[in-house]
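What follows is the residue order along each chain.
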Amino acid sequence: MSHGSHDSWIARQMARCIGECGAEVLIDAYDLESGDEVTERLSGLLSQASELVVLFTPHSKSRAWVWMEVGGMRLNRKRVVPIFYGMTKRDLADSGGDGALTGLVERQLNEFDHYLVELKARVSNEATH
């Protein structure tokens, strides 16, 4: 779960819902400890992840860590799910910042339930294989 620090409360609620779908959730609020070397720790967490949910808001859209996490996952051909709140993908395009999201289906936060249904099906499918 990638987000800007201003959006921690929303991100924690989203992470809780993701966990309720049976997926293991990695989020800095829970998985980074005092004194951790952030770059090393996040690199390890991202290498374990099969997909990344990214909460894009007016606060997070310019956060370097958010974009590094997106880039890392895209380079490793892992699923990246952009969720927008208080803005749209067009807002990123207008500022020239949407290139890393090219070709991805995005959702608005109001559509997060749709993503959860999809996720639950993927988790269920993985459990049966």
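Report follows, based on the coordinates. In this text, all values refer to a predicted model and were calculated from it rather than measured experimentally. (Residues numbered from 1 in each chain as written. Predicted model: local features only at pLDDT ≥ 70, side-chain atom pairs only at ≥ 80, totals over all residues. Heavy atoms only, no water.)

A word on the packing of aromatic side chains. Overall, the coordinates contain three aromatic pairs when judged by the stated rule. Each ring, one from phenylalanine 56 and one from phenylalanine 84, has its centre 5.3 Å from the other, and the planes form 20 degrees; the classification is stacked. Pair noted here: phenylalanine 56 is in strand 1 (residues 51-56) and phenylalanine 84 is in strand 2 (residues 79-84), with a separation of 28 residues, a long-range link. Note on accessibility: phenylalanine 56 and phenylalanine 84 belong to one class, buried. An aromatic cluster of at least three residues, connected via ring pairs, comprises Phe56, Trp67 and Phe84. (Phe/Tyr/Trp six-rings, centres within 6.5 Å; stacked < 30°, edge-to-face > 60°. Helix = DSSP H or I, 4+ residues; strand = E, 2+ residues; numbered from the N terminus. Buried < 20%, exposed > 50% of the residue type's maximum accessible area, 1.4 Å probe, protein only.)

Owing to its 3.6 residues per turn, the α-helix brings residues three or four apart onto one side. For helix 4 (residues 64-75), built from 12 residues, the straight-helix expectation of 16 Å at 1.5 Å per residue is met to within 8% by its first-to-last C-alpha distance of 16 Å. Among the residues of helix 4, Val66, Glu69, Val70 and Met73 are the ones counted as buried. Looking straight down helix 4, one finds its buried side chains confined to an arc of 100 degrees; they lie on one side. Within two residues after helix 4, arginine 77 carries a phi angle of roughly 55 degrees, on the positive side. (Expected span 1.5 Å × (residues − 1). Arc of directions from axis to C-beta.)

A few words on the pattern of salt bridges. Overall, the coordinates contain five salt bridges when judged by the stated rule. For glutamate 51, the salt bridge goes to arginine 79, with nearest N and O atoms at 3.8 Å. Residue glutamate 51 is found in strand 1, and its partner arginine 79 is found in strand 2; the two are separated by 28 residues along the sequence. Accessibility expressed as a relative area gives 42% for arginine 79, which makes it partly exposed. Between glutamate 106 and lysine 89 there is a salt bridge, with the nearest N and O atoms lying 3.8 Å from each other. (Salt bridge = Lys/Arg side-chain N within 4 Å of Asp/Glu carboxyl O.)

Checked against the element boundaries, lysine 89 lands in helix 5 (residues 89-94). A residue is classified by how much of its surface remains accessible, and lysine 89, at 18% relative accessible area, is buried. For lysine 89, the side chain forms a polar contact with the main-chain oxygen of leucine 101, separated by 3.2 Å. Excluding anything up to four places from it in sequence, lysine 89 contacts Phe84, Asp98, Leu101, Gly103, Leu104 and Glu106. (Polar contact = N/O pair within 3.5 Å; in protein donor to acceptor, adjacent residues only side chain to side chain. Contact = heavy atoms within 4.5 Å.)

As a further point, take the packing of helix 1 (residues 8-20) against helix 6 (residues 112-128). Between two packed helices, what matters for the description is the angle formed by their axes and the separation of those axes. Contact pair helix 1 / helix 6: the axes reach a minimum separation of 9 Å and the direction vectors enclose 30 degrees. Viewed along their axes, helix 1 and helix 6 adopt a mutual orientation that is roughly parallel. Where helix 1 crosses over helix 6, the two elements pack in a sense that is right-handed. Judged by residue contacts, Met14, Cys17 and Ile18 of helix 1 engage Phe112, Tyr115, Leu116 and Leu119 from helix 6. Partitioning the contact of helix 1 with helix 6 into residue classes produces seven nonpolar, no polar and no charged. (Axes fitted to C-alpha atoms, helices over the stretch in contact; angles between N-to-C directions. Parallel < 35°, antiparallel > 145°, perpendicular 65-115°, else oblique. Left-handed = near helix turned anticlockwise from the far one by under 90°. Nonpolar A, V, L, I, M, F, W, Y, C, P; charged D, E, K, R; others polar.)

As a further point, take the sheet that holds strand 2. Taken together, three strands build an open sheet; the order of strands is 1-2-3 and the sheet is parallel. Two strands close off the open sheet at either side, each with one partner strand: strand 1 and strand 3 (107-108). When strand 1 meets strand 2, the two strands line up parallel, connected through six bridges. Note on strand 2: the bridge partner recorded for valine 53 is valine 81. Helix-sheet contacts for helix 4 involve strand 1 and strand 2, and the interaxial angle to strand 1 is about 150 degrees. The sheet contacts of helix 6 involve strand 1, strand 2 and strand 3, and relative to strand 1 the element is tilted by about 175 degrees. (Pairing = 2+ DSSP bridges.)

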